[in-house]
Amino acid sequence: MIAIAGIVAAFQIGKLPAALPVLRAELGLTLVEAGWIVSALAAIGVATGMVWGFVADRFGHRRMLLSGLGVIVVGTALGSLAETGAELFATRLVEGCGYVAVLTAGPTAIGAFCRERDRPMALGLWAFYMPVGLAGMVVVSPAVIEAASWRGLWLLNGALALAAIGAAAYATRGARGAREATAGGHAAPIWTAIRKTLTSPGPPTLAICFAAYSLVYISVSVFLPTFLIERQGYAHDAAAYWVALAMVVNAPGCVLGGWLLRRGWPAGRVVGLAYLGMLVSTPLIFADGIDPALRLSAAIFMPFIGGMIPPAVLARTGALAAAPGLASTCVGLVSQALMLNQLIGPPILAALVSGLASWERANWLTLPMILLGLAAAWALSRIDRSGRCFT
């Protein structure tokens, strides 16, 4: 049920790609403004990711998880009433509070109930929240929008979040004592916890490993439907289904990453292999004049191979946290970095494409981030070899 909560949180990103054309028409949004609407969910996480993680460490991951779902209910209800782009952006910030709360509390809560040897696979399953949430909502959004408009889509997401609260609360009721008893184990003030997390080598390295992947994955996923429709002549439904397939294959990539970790592969090696695969495939997605089958193959392979990164990073957050009891604060830093890239990635990609009138210029954004991810994977390998673990 913790994974279900993550999937519902990811629905709030997945509902945007199919809704963007309708939102642009009804609210009069430019492509760049639409990019900011997409990124608004991440804005609150950029500013407060470690704060949410610290609160989860101090007051309990179960409480944080359920509260986050409740905030998503409020944000989606308000969003369904928006009449302007500014109003919709504001409600997306509210949704972002709930999204970050679920994102920071979920991995630590799952890890606490797993045996050490099973933790990589469990976190690989948790990492399903993004591909399943994105793909599931991308698939159903066109039908919901056609039947009930984009406002009905927002209300549906609020209802799903409300149902997830009840399901998660019931499923974890027996774990309350064990989970909350470990919360608050680190008594340092919040600014001390944040300073330790920022100045320890492990958490920032993990954050860069995850954030570079997130920027490429989210930016490509969000604008791929628009590219296929406007430049390749795909029907809306066909474009949505191809993008959904590309998102779904991220899930087996997560399983592969967890399996390799369980087989004894170092996290840095898993992350490095994933970035090498992304380096080969990503430039082909928006390239001019290539075979359509090769383009779609690259669009499917990139999220699959990149899916190995989330379980590799999350599996190391406990061992490389700055101090005992700061695992969620470490996850908060990872979330903060990946959301910064989610915030700026789509608008930058949109500006590059709009300003230079060429979708191929998207590589000016994605390729440097992939190279940064490779450098972070090398640094992670160095940290792991040095044995500099802090818990």
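Residues numbered from 1 in each chain as written. Predicted model: local features only at pLDDT ≥ 70, side-chain atom pairs only at ≥ 80, totals over all residues. Heavy atoms only, no water.

1. Observations regarding the nonpolar core
Argument step 1. Counting 117 residues, the largest nonpolar core has Leu-23, Tyr-99, Met-130, Val-271 and Met-278 as the members making the most contacts within it.
Argument step 2. For this core, the leading source of residues is helix H9 (residues 202-230), giving 17 residues.
Argument step 3. Once residues within four sequence positions are removed from consideration, Leu-23 is found in contact with Leu-16, Gly-28, Leu-29, Leu-88, Trp-150 and Trp-154.
Argument step 4. Grouped together as the second largest cluster of nonpolar side chains are five residues, Phe-54, Ala-193, Ala-322 and Ala-323 included. (Core = buried A, V, L, I, M, F, W, Y, C linked by side-chain atoms within 4.5 Å. Buried < 20%, exposed > 50% of the residue type's maximum accessible area, 1.4 Å probe, protein only. Helix = DSSP H or I, 4+ residues; strand = E, 2+ residues; numbered from the N terminus. Contact = heavy atoms within 4.5 Å.)

2. Considering the confidence of the model for the protein
Argument step 1. In this model, the protein carries an average pLDDT of 82, and 92% of its residues clear a pLDDT of 70 or more.
Argument step 2. The secondary-structure element of the protein with the lowest mean pLDDT is helix H7 (residues 176-182), recorded at 44, while helix H12 (residues 267-285) shows the highest, at 93.
Argument step 3. Scored below 50 in pLDDT, residues 176-185 shows 21 contacts in the model against residues more than four places distant or in partner chains. (pLDDT = per-residue confidence, 0-100.)

3. Topic: the layout of surface pockets
Argument step 1. Roughly 220 Å³ of volume is contained in the second largest pocket.
Argument step 2. Along the wall of the second largest pocket there are 14 residues; nearest its centre are Ala-18, Pro-142, Ile-145, His-236 and Asp-237.
Argument step 3. Mapped by element, the contributors of at least two residues to the lining of the second largest pocket are helix H1 (2-27), helix H6 (129-171), H9 and helix H10 (236-248).
Argument step 4. Class assignment for the residues of the lining of the second largest pocket results in 11 nonpolar, one polar and two charged. (1 Å grid on protein atoms, 1.4 Å probe; cavity = no way out; pocket = protein on both sides within 12 Å on 5 of 7 lines; lining within 4 Å. Points joined across faces, edges and corners; volume = space filled by probe spheres on them. Nonpolar A, V, L, I, M, F, W, Y, C, P; charged D, E, K, R; others polar.)

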